[in-house]
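Coordinate inspection notes
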Amino acid sequence: MPTVTLIEAVTMAMDHEMSVDEDVVVLGEDVGRNGGVFRATDGLQEKHGEDRVIDTPLAEAMIAGLSVGMAAQGMKPIAELQFMGFMFPAFNQIVTGAARLRNRTRGRLSVPLVVRMPYGGGIHAPEHHSESTEALFAHIPGLKVVTPSSPARAYGLLLAAIRDPDPVIFLEPKRIYRMVKQEIEDDGEAYPLETCFIDREGDDVTLVSWGATMHETLLAADELADEGISCEVIDIATIAPLDMPTIFDSVEKTGRVVIVQEAAKTGGVGSEIAAEISEHRLMSLIAPIGRVAGYDAIMPLAKMERHYMPQVVRITDEVKKVMDYS
Amino acid sequence: MPTVASFEVSYLQYLDENSQAVNDLPDFAKDTNLLTGLYKDMLFARTLDYRAMSLQRMGKMGTYPGTLGQEAVGVGSGSCLGDDDVLVPYYRGSNTMIQHGVKPHELLLYWGGDERGSDFKNPRVRQDFPIAVPIATQCLHAAGVATAMKARGQTGRAVLTEIGEGGTSEGEFYEALNVAGVWNLPLVCVINNNQWAISVPAEMQTACETFAQKGIAAGIESLQVDGNDVIAVKDAVGRAMEKARSGGGPTLIEAICYRLCDHTTADDASRYDDPEAREEAWAKEPLKRLGDYLVNLGAVTKKQLEEFEVEAKEAVEKEVEIYFDTILNNPQPVGAMFDYLYAELPEKTKAQREEVIARDLRAREGG
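Residues numbered from 1 in each chain as written. Chains lettered and ligands numbered in written order. Predicted model: local features only at pLDDT ≥ 70, side-chain atom pairs only at ≥ 80, totals over all residues. Heavy atoms only, no water.

**A short note on the overall build of chain A**
Test applied: Numbering of helices and strands starts at the N terminus; helices are DSSP runs of H or I of at least 4 residues and strands are runs of E of at least 2. The globule rule used here is 2.2 Å times the number of residues to the 0.38 power, and the radius of gyration it is set against is calculated over C-alpha atoms. When a residue's accessible area, from a 1.4 Å probe over protein chains only, is under 20% of the maximum for its type it is buried; when over 50% it is exposed; and in between it is partly exposed.
A tally of helices and strands in chain A yields 12 helices and 14 strands. Relative to the 2.2 N^0.38 estimate, which gives 20 Å for 326 residues, the radius of gyration of chain A is 19 Å and therefore close to what a compact globule would have. In terms of its C-alpha atoms, chain A occupies a principal-axis envelope of roughly 60 × 40 × 40 Å. Within chain A, buried positions represent 63% of all 326 residues.

Here it is as structure tokens:
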């Protein structure tokens, strides 16, 4: 069983699916010869050929728009955008094209497309290379938005995304691309979408997060356990559509929630989760819902980014605040 | 200094504005039955257009983008589409779509506010794209369809897309031509240069002498045709499609005509149009051009042309009847707004679907 990093698991999933389904193709800037700027497509062109691992001209809108046309013909493109900060030219095509085609044609045409993009801060990257704007996608009906927090989830969720008959935005937390390794069987087993993962069971407070900040959230849970606070930790994994029942069950048990996101606080996915809990489980709450988020500021450049991103101490502070209620 | 690149843009015209043949006609145009058919199709287009306008004015249909004066562009282009080709139309593409096999009542349904109008039932057009409203986005979809055809080695198929001259100012237009050039895609793009992007005239869109030469910047064959001459349009698009089907790569064709109607029913061109220019354009319009030619040739009589008008009106009314019957007697259930979002509706959204259905039911039961 290979021991792989998160980014190697991404490669493994694409390689597996390209091997079993000839309709699956990879396209994007530098994905072929270069194997992707982060090496997510390393070796794929050598193995599957230039016709299936396609270096495109440099134009993000084109990559997305082209993929819509290919998908409408029954191909299953996996489009790579190099960084989430450069997705905005493609956003028009994702929103007006990919997300709507099934609905616009009453199911006659559909877009089985995956748009992969690395996102998030913490790697001291240049400007526009560190943002987390997942809420923009989560707001769009017709899209699914998925992010893994571990190598195993990267493999299983990406397989599910490729096999999904609708467009999936697959966000890769680049800060943890090579942080940990896991043993993964390359067996083609997909994980379910629209399903949260309970990473740790606990009784006092529910911590909800996704992507790279799952790392800090679990560290915070460790620290808090030492202080006698028992945290249940949930990785939502599928940002849209959200699996709220799993979160509700946990809230019924703990009565306290802290949501951790790297994205700016206002209008974030955490806001939606908090609103859902307020609407449907208010009476289960014994404390206000806490949110630890990126500040409502432009993502700072490298020197200051650590102050912007949720650190373990911010999470433990917030948990202690909600623990004051009983 | 040496010249490292140079280019020319040719202009194709067979019938001049006096309906005189100025060039040897292509073979298909020697068949007067075929030309009469094209005339009838353009007449149907114009009749449908007037009827759509009146439906909108009566409050029986939504905003509608007219095609008056542009019938030769749509009919001429669309007549070149084969069973295996794919059309990726823009919002003024009604006539091209009808030529390929979209039913006119489907267009009325779409502009009347019913999504089923884009669920084309004719097997010939099941792979065609619905009308693209966001400007120039369709060019990339078309390039994507062409990419799929090429990747699968499907020679004998090609993609036709269309755009207004204003749309060529969008980056996505150029991005599509660029990739079509680099990958030698089976793609034909027709620019309907009707002189106006709502109120902005063509000369305010570009400093180029022609819109066609934008394709030369992408390294693809590009030419200009008289968009009031259906023979020229059909000849140029037909040859370009055949070239694309046989692996010869993409073509950009600028068809020059004049928008004789408002931009849409929500527009009032009298605020900006030049009445003299419009009057001049009426003298060049495509139906008169071909009709006079056929009459001069003795292929049809003026009386026959009048009979064609009656036939066109009857045919349009049949489509209007289907449209009314559908919206009045067979409306979409409200749950349909959820039924095609995904292959399977997410759990989280199911309650909203049930809510809208229940509210609709209560409202109707309550009278």
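**Considerations on the overall build of chain B**
Defined as follows: By the counting rule applied here, Lys and Arg register as positive and Asp and Glu as negative, while His and the ends of each chain are not counted. The atoms used to mark charge sites are NZ of Lys, CZ of Arg, CG of Asp and CD of Glu.
In terms of helices and strands, chain B carries 13 helices and eight strands. By the compact-globule yardstick of 21 Å for 367 residues, chain B fits well, its C-alpha radius of gyration being 22 Å. Summarising its shape, the C-alpha atoms of chain B cover approximately 75 × 55 × 40 Å along the three principal directions. A total of 367 residues make up chain B; the buried ones form 56% of that total. Averaging the positions of the 36 positive and the 56 negative side-chain charges in chain B gives two centres separated by 5 Å.

**Re the interface of chain B and chain A**
A common way to state how big an interface is: give the accessible area lost once the parts meet. We apply this condition: Note on contacts: a residue pair is in contact if any heavy atoms of the two residues lie within 4.5 Å. Simply put, the buried area is the total loss of 1.4 Å probe accessible area from both parts when two parts are fitted together. A pairing counts as a salt bridge when a side-chain nitrogen of Lys or Arg comes within 4 Å of a carboxyl oxygen of Asp or Glu. The definition of a polar contact used here is a pair of N or O atoms within 3.5 Å, where within protein one atom must be able to donate a hydrogen and the other to accept one, and adjacent residues in sequence count solely through side-chain atom pairs.
Contacts between the two partners involve 41 residues from chain B, matched on the other side by 43 residues from chain A. Across the interface of chain B and chain A, roughly 3500 Å² is buried in total on both sides, 59% from carbon and sulfur atoms. Sorting the residues of chain B by area buried against chain A places Tyr340(B), Tyr342(B) and Lys348(B) first, and these three jointly supply 20% of that buried surface. Taken together, the connections running from chain B to chain A amount to four salt bridges. Where Arg152(B) meets Asp23(A), a salt bridge forms, and the shortest distance between an N and an O atom there is 3.0 Å. Our count for the chain B to chain A interface comes out at 23 residue pairs in polar contact (both at pLDDT 80 or more). Sorting the residues of the side of chain B that touches chain A by element identifies α5 (137-151), α6 (171-182), α12 (336-339) and α13 (347-365) of chain B as the ones contributing at least two each.

**A few points about the sheet that holds strand β3 (residues 159-164) of chain B**
The condition that has to hold: By this definition, two strands are paired if DSSP reports at least two bridges between them.
The sheet built from six strands is open, its strands ordered β1-β7-β8-β4-β3-β2 (chain B) with parallel pairing. On the outer flanks of this sheet lie β1 (11-12) and β2 (86-88) of chain B, each paired with one strand and no other.

**Things to note about the environment of Lys320(A)**
Residues and elements named next belong to chain A. Relative to the helices and strands, Lys320 resides in helix α12 (residues 312-323). The exposure class assigned to Lys320 is partly exposed, which follows from its relative accessible area of 33%. C-alpha separation for the pair Lys320 and Val205, spaced 115 residues apart in sequence, amounts to 9.8 Å. Not counting the four nearest positions on each side in its chain, Lys320 is found in contact with Leu224, Glu227 and Ile229.

**Section: the pattern of salt bridges**
Residues and elements named next belong to chain A. This structure, assessed with the given rule, holds 41 salt bridges over all chains. One salt bridge connects Asp21 with Lys76, and the closest N-O pair in it is separated by 2.6 Å. Remark: Lys76 occurs in strand β4 (residues 76-80) and Asp21 occurs in the loop between α1 (6-20) and β2 (24-28); sequence separation between them is 55 residues. Given the relative accessible area of 15%, Asp21 is considered buried. Here Lys76 falls in the partly exposed class, since its relative accessible area comes to 25%. Connected through salt bridges with shared partners, the residues Glu80, Arg116 and Glu172 form a single ionic network.

**Remarks on the packing of aromatic side chains**
Residues and elements named next belong to chain B. For clarity, the cut-off: Only Phe, Tyr and Trp rings are paired, with Trp represented by its six-membered ring, and only when their centres lie within 6.5 Å; those with planes under 30 degrees apart are stacked, over 60 edge-to-face, the remainder tilted. A positively charged side chain is recorded as over a ring if its NZ (Lys) or CZ (Arg) lies within 6 Å of the ring centre. The angle to the ring normal must also be within 35 degrees.
One pass over the structure, following the stated rule, counts 12 aromatic pairs over all chains. With centroids separated by 5.2 Å and ring planes inclined at 55°, the aromatic side chains of Tyr90 and Tyr91 adopt a geometry described as tilted. Relative to Phe324, the ring of Tyr323 lies with its centre 5.4 Å away and its plane at 35°, an arrangement referred to as tilted. Of note, Lys234 hangs over the ring of Phe28, and the distance from its end group to the ring centre comes to 5.4 Å.

**Comments concerning the nonpolar core**
The cut-off we apply is this: We call a set of buried residues a nonpolar core when its members are Ala, Val, Leu, Ile, Met, Phe, Trp, Tyr or Cys and they connect through side-chain atoms within 4.5 Å of each other.
Grouped together as the largest cluster of nonpolar side chains are 84 residues, with contacts concentrated most on Ile236(A), Ile247(A) and Ile273(A). Grouped together as the second largest cluster of nonpolar side chains are 66 residues, Val73(B), Leu109(B), Trp111(B) and Cys257(B) included.

**Examining the sheet that holds strand β3 (residues 53-55) of chain A**
Residues and elements named next belong to chain A. Rule in force here: Helix axes use the C-alpha atoms of the stretch in contact, all axes being lines fitted to C-alpha atoms, and the angles between their N-to-C directions lie in the range 0 to 180 degrees.
Ordered in space as β3-β2-β4-β5-β7-β6-β12, the seven strands form an open sheet in which the pairing is mixed. Because the sheet does not close on itself, it has two edges, and the strands there are β3 and β12 (238-240). Each strand axis lies, on average, 25° off the axis of its neighbour in the sheet, ignoring direction. Summarising the sheet, β2 and β4 pair through five bridges and their orientation is parallel.

**Some points on helix α2 (residues 71-78) of chain B**
Two residues of an α-helix separated by three or four positions point the same way, owing to the 3.6 residues in each turn. For α2(B), the buried fraction is high: eight of the eight residues fall into the buried class. All of the buried residues in α2(B) are Glu71(B), Ala72(B), Val73(B), Gly74(B), Val75(B), Gly76(B), Ser77(B) and Gly78(B).

**Some remarks on the domain arrangement of chain B**
So the rule is basically this: The source of the domain bounds is an automatic or database domain assignment.
One can read the domain layout of chain B as domain 1 (11-329) and domain 2 (336-365). When each unit is reduced to the centre of its C-alpha atoms, the spacing between domain 1 of chain B and domain 2 of chain B is 38 Å.

**Considerations on the pairing of strand β8 (residues 251-256) of chain B**
Residues and elements named next belong to chain B. What counts is decided by this rule: When the strands point away from the viewer, a crossover counts as right-handed if the route from the first strand across the helix to the second turns clockwise.
Among the six residues that make up β8, five are buried, leaving the element largely enclosed by the rest of the structure. Two elements, strand β4 (residues 187-193) and β8, share six bridges in a ladder whose sense is parallel. When the sheet's bridge partners are listed, Asn192 is paired in β8 with Ala255. Read from strand β7 (residues 221-226) through helix α8 (residues 230-245) to β8, the crossover connection turns out right-handed.

**What about the packing of α2(B) against α8(B)?**
Residue and element names in this part refer to chain B. Heads up, the rule is: By definition, turning the near helix anticlockwise from the far helix through less than a right angle yields a left-handed crossing, and turning it clockwise yields a right-handed one. Each residue receives one of three labels: charged for Asp, Glu, Lys and Arg, nonpolar for Ala, Val, Leu, Ile, Met, Phe, Trp, Tyr, Cys and Pro, and polar for the others, Gly being one of them.
Close contact between α2 and α8 brings their axes to 8 Å; oriented N to C, the two are set at 35°. Handedness of the crossing formed by α2 with α8: right-handed. The segment α2 lies against α8, with Ala72, Val73, Gly76 and Ser77 engaging Val230, Val233, Lys234 and Val237. Residue classes in the contact of α2 with α8 are distributed as five nonpolar, two polar and one charged.

**What about a negative patch on the surface?**
The following threshold applies: Patch definition: residues with relative accessible area over 30% and no salt bridge; like charges joined within 9 Å; nonpolar side chains (Val, Leu, Ile, Met, Phe, Trp, Tyr) joined within 5 Å. For every accessible area listed, the method is Shrake-Rupley and the probe measures 1.4 Å; residues are considered covered only by the protein chains on display.
A cluster of acidic residues, Glu17(B), Asp274(B), Glu276(B), Glu279(B) and Glu280(B), forms a negative patch at the surface. Positionally, Glu276(B) belongs in helix α9 (residues 275-283).

**Digging into the side chain of Asp21(A)**
Of note is the side chain of Asp21(A), whose polar atom sits 2.6 Å from the side chain of Lys76(A). Beyond its immediate chain neighbours, meaning those up to four positions away, Asp21(A) contacts Arg52(A) and Lys76(A).

**Section: the side chain of Glu175(B)**
Mapped onto the secondary structure, Glu175(B) falls in helix α6. The buried charged residue Glu175(B) lacks any salt bridge partner; its closest oppositely charged side chain belongs to Lys214(B), at an N-O distance of 13 Å. In this view, Glu175(B) contacts Ala59(A), Ala61(A), Met62(A) and Leu140(B); residues no more than four positions away in its chain are not counted.

**A look at unusual backbone geometry**
Residue and element names in this part refer to chain A. A cis geometry characterises the amide bond from Ala240 onward to Pro241, with omega recorded as -10°. One non-glycine residue, Asp30, lies in the positive phi region at around 65°. Looking at the element boundaries, Asp30 is found in the loop between β2 and α2 (44-48). With phi around 75°, Arg39 is a residue other than glycine that occupies positive phi space. Assignment of secondary structure puts Arg39 in the loop between β2 and α2. A relative accessible area of 38% places Arg39 in the partly exposed class.

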